[in-house]
Amino acid sequence: MSRSPPIPTLFLLLTVTTLYLSLQPRPALARAPFACDPARPQTRALKFCRASLPIHVRARDLVSRLTLPEKIRLVVNNAIPVPRLGISGYDWWSEALHGVSNIGPGTKFGGDFPAATSFPQVILTAASFNASLWEEIGKVVSDEARAMYNGGLAGLTFWSPNVNIFRDPRWGRGQETPGEDPLLAAHYAARYVRGLQGNMGGNRLKVAACCKHYTAYDIDNWNGVDRFHFNAKVTKQDLEDTYNVPFKACVVDGNVASVMCSYNQVNGKPTCADPDLLKNTIRGQWHLNGYIVSDCDSVGTFYDTQHYTATPEDAAAVAIQSGLDLDCGPFLALHTEGAINSGKLNPADLDNALVNLVTVQMRLGMFDGEPSSQPFGNLGPKDVCTPAHKQLALEAARQGIVLLENRGSLPLSTTKHRTVAVIGPNSDVSVTMIGNYEGVPCGYTTPLQGIARYAKTIHQTVCTGGVACVSNQQFGAAETAARQADATVLVMGLDQTVEREYKDRTGLLLPGHQQELVQRVAAAARGPTVLVLMSGGPIDVTFAKNNPRISGIIWAGYPGQAGGRAIADVLFGATNPGGKLPMTWYPQSYVARVPMTNMAMRPSRGYPGRTYRFYKGPVVYPFGYGLSYGRFTHTLARAPTQAAFSLTTIRNTTLAATSSIKMAHVDCNAPSLPVHVDVKNTGDVDGSHTILVFSTPPEGKWAEERKLVGFEKAHVLAGSTKRVRVDIHVCKHMSVVDQFGVRRIPVGQHKLEIGDVMHQITLQADLGEIRN
């Protein structure tokens, strides 16, 4: 999602602003009348207001009553009112990436709703590897969203989550994503969407989520290349087994109500103008039950920036014909009527887009009258920023924080470390902790405030220019503080001035003089020195990793409103850290070799490949890495050594003996393969531990060497053992994609890796199960 329009389209937007605003209502703080309100005798008898009828019948009836001028002003995010039908204006654009946000115009804070719970930025929540946590956060966010809707301050269509793959460590928006692994991103996408949408059954929605930005979108602005002009050249193989995986999970497993197409082109076609990506894949193959929306002014972008069409009417026509239902921005409102009048667009295609939009609104209950008598109609101010919601935000931060190094000094002791020097540009920050696409939090606990709960503090921000740390003239004060304290905590890292939407990084080192500050303070410190890093993307901190004077390193992401308390709880051992890195931490030398514009996942001559699945060079910290104050061991308790999958349509049974079988010929309804692992905590503190299961398929040119196929999180008491079951689905998890983008099941020996435990499962086709 773009907070501001692309630069090339500003002139167009300025020339139409007056016209557009005259057509569109401004979001108001007061609740407008509800559609199909029983108090409106002129509309309550209309067919689309009869809640007893099927939604598809009601939606078609409503669309049939609209005039063409009304229709074209309803396929933009700021939809006009239709007073004669009792329909109020509605802004589709709200955001809920990690809490209800006021970034989109559909949501406002104020009055009885001054704030909402702000959870950690997604990259840190993903580090928990806790799927039930992700769904619970979604439930809380949707509770607060519904409460604000009931109060007239929010819509019900939220353009979240961002499920793009964090392919390149420099991407400024990597903080918004669940990380670099397709399986992790897919599980996060489905579970967070389920939490938001409510799993209500009967085709009803609590709120409507939206998975974005489809697809192969992960460049904002790097070395003069921006998202508005970029053509992502992607192989069919990488599209199928990497970039599209979380979006498919959103639709198929999460039943998401919306997908957003991105700014960029994929192989020469704008994603919002590609019927193969939209109509054929999202709606055709994956069976989207909902609407497809553009990123803001994407349609205008592919016309006047990418010059994909000759006229604006052509752009409007190709977007709708390709499967786009809603435009964020005014473009379709301005040019759709011309496209129809010139014969470039069939009015039936516009009607279909409107039906998709109205259907989602009806699934939300927006045409069922006043909401107080509907599900969630009783939610209000009392249900926002509750103690339970605040506690969940704290718990989410605790679960995500990753312990990267510990030379024995952590956790700190309240008796030995009574005075702590808290130093660095992020040591007493508040807004920095919540990252981007933020709202107004219920409150903040900064790192300094959190540490002050445990010890007396000596505080030194030191760095001028924030995280840029442009001067080292004040470093002497930091050294003095470290000499006076029993322990020193350096809170360093990045913020939104360094990484954000429309700003990618050029390197992976700490900004400015931060590295010098860390080294000088560590050398001067009387007691142990701990480095705490706030960031969305990885940082090359090899210097600190190799410095024996630095006792510990912690990555805290952007930990949300309660982040300071969570950091302190980990530092002093009230929380045993259990987070695992959801992305590879590369050395600076990696980005010197790899341009962001190269979308290939697999290595080739002179190109090292991307993410842990394909890149095999040196790393600072690997994907899935994270330490604990406890010690955990794995023992494989029970797992199959052989498994047969059933075939469906293959007639030539000799194919079953080949190295792989197309998944289209495999019965994928078979149950998962259960893998039972005994996890023993041999330490003296209780802790949560994540079991990561990786699989290596039989040798084949289509396959990565190693990939995540399952994970589970378990809390294990000190000295005890817990048996954990991880289900491995043959089709979903043990398939590979060939160079033609075809998913296959490799026949033969697959190797499973669970920590230091190795296990082999032989897959073979069951020829006796071939069906007609």
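Higher on the page you've got the structure.
What comes next is a walk through the structure. Since the structure is predicted, the reported quantities are computational estimates derived from the model, not experimental observations. (Residues numbered from 1 in each chain as written. Predicted model: local features only at pLDDT ≥ 70, side-chain atom pairs only at ≥ 80, totals over all residues. Heavy atoms only, no water.)

## Some points on the state of the cysteines
Then, in step 1: Enumeration over the complete set of coordinates arrives at 7 disulfides.
Then, in step 2: There is a disulfide in this structure between C36 and C49, and the S-S distance comes to 2.1 Å. Judged by the sign of its S-S torsion, about -75 degrees, the cystine formed by C36 and C49 is left-handed. Pair noted here: C36 is in the loop between α1 (10-23) and α2 (55-64) and C49 is in the loop between α1 and α2, with a separation of 13 residues, a long-range link. Side by side, C36 and C49 carry an identical accessibility label, which is buried.
Then, in step 3: Between the sulfur of C385 and that of C442 lies a disulfide, 2.1 Å long from S to S. Residues C385 and C442 are joined through a disulfide that is left-handed, its torsion about the S-S bond being -90 degrees. Taken together, the residues span a long stretch of sequence, with C385 in the loop between α13 (347-363) and α14 (387-400) and C442 in the loop between β12 (419-423) and α15 (447-452) at a distance of 57 residues. (Disulfide = S-S within 2.5 Å. Helix = DSSP H or I, 4+ residues; strand = E, 2+ residues; numbered from the N terminus. Buried < 20%, exposed > 50% of the residue type's maximum accessible area, 1.4 Å probe, protein only.)

## Quick notes on the pattern of salt bridges
Then, in step 1: Tallied over the full model, the rule gives 32 salt bridges.
Then, in step 2: Residues R725 and D727 are paired through a salt bridge, measuring 2.7 Å at the closest nitrogen-oxygen approach.
Then, in step 3: Relative accessible area serves as the criterion here: at 34%, D727 is assigned to the partly exposed category.
Then, in step 4: Each of R173, E176, D220, R227 and E501 takes part in a single network of salt bridges with overlapping partners. (Salt bridge = Lys/Arg side-chain N within 4 Å of Asp/Glu carboxyl O.)

## Some points on the nonpolar core
Taken as a class, soluble globular proteins show a tendency for nonpolar side chains to be buried jointly.
Then, in step 1: Judged by nonpolar contacts, the single largest core of 211 residues is most densely connected at W159, L517, L533, V541, W555, L571 and W585.
Then, in step 2: Inspection of this core shows a minimum of three residues originating in each of domain 1 (395-583) and domain 2 (632-766). (Core = buried A, V, L, I, M, F, W, Y, C linked by side-chain atoms within 4.5 Å. Domains from an automatic or database assignment.)

## Observations concerning unusual backbone geometry
Then, in step 1: In this structure, the amide linkage connecting K212 to the following residue, H213, adopts the cis form with an omega of 0 degrees.
Then, in step 2: Within the secondary structure, H213 sits in strand β3 (residues 211-214).
Then, in step 3: P411 follows L410 through a cis peptide bond whose omega is 0 degrees.
Then, in step 4: Mapping P411 onto the fold places it in the loop between β11 (402-406) and β12.
Then, in step 5: One non-glycine residue with positive phi stands out, namely C385, at about 55 degrees.
Then, in step 6: For V462, which is not glycine, the phi torsion reads 70 degrees and is therefore positive.
Then, in step 7: Along the polypeptide, V462 turns up in the loop between β13 (456-460) and α16 (475-484).
Then, in step 8: Owing to a relative accessible area of 7%, V462 belongs among the buried residues under this scheme.

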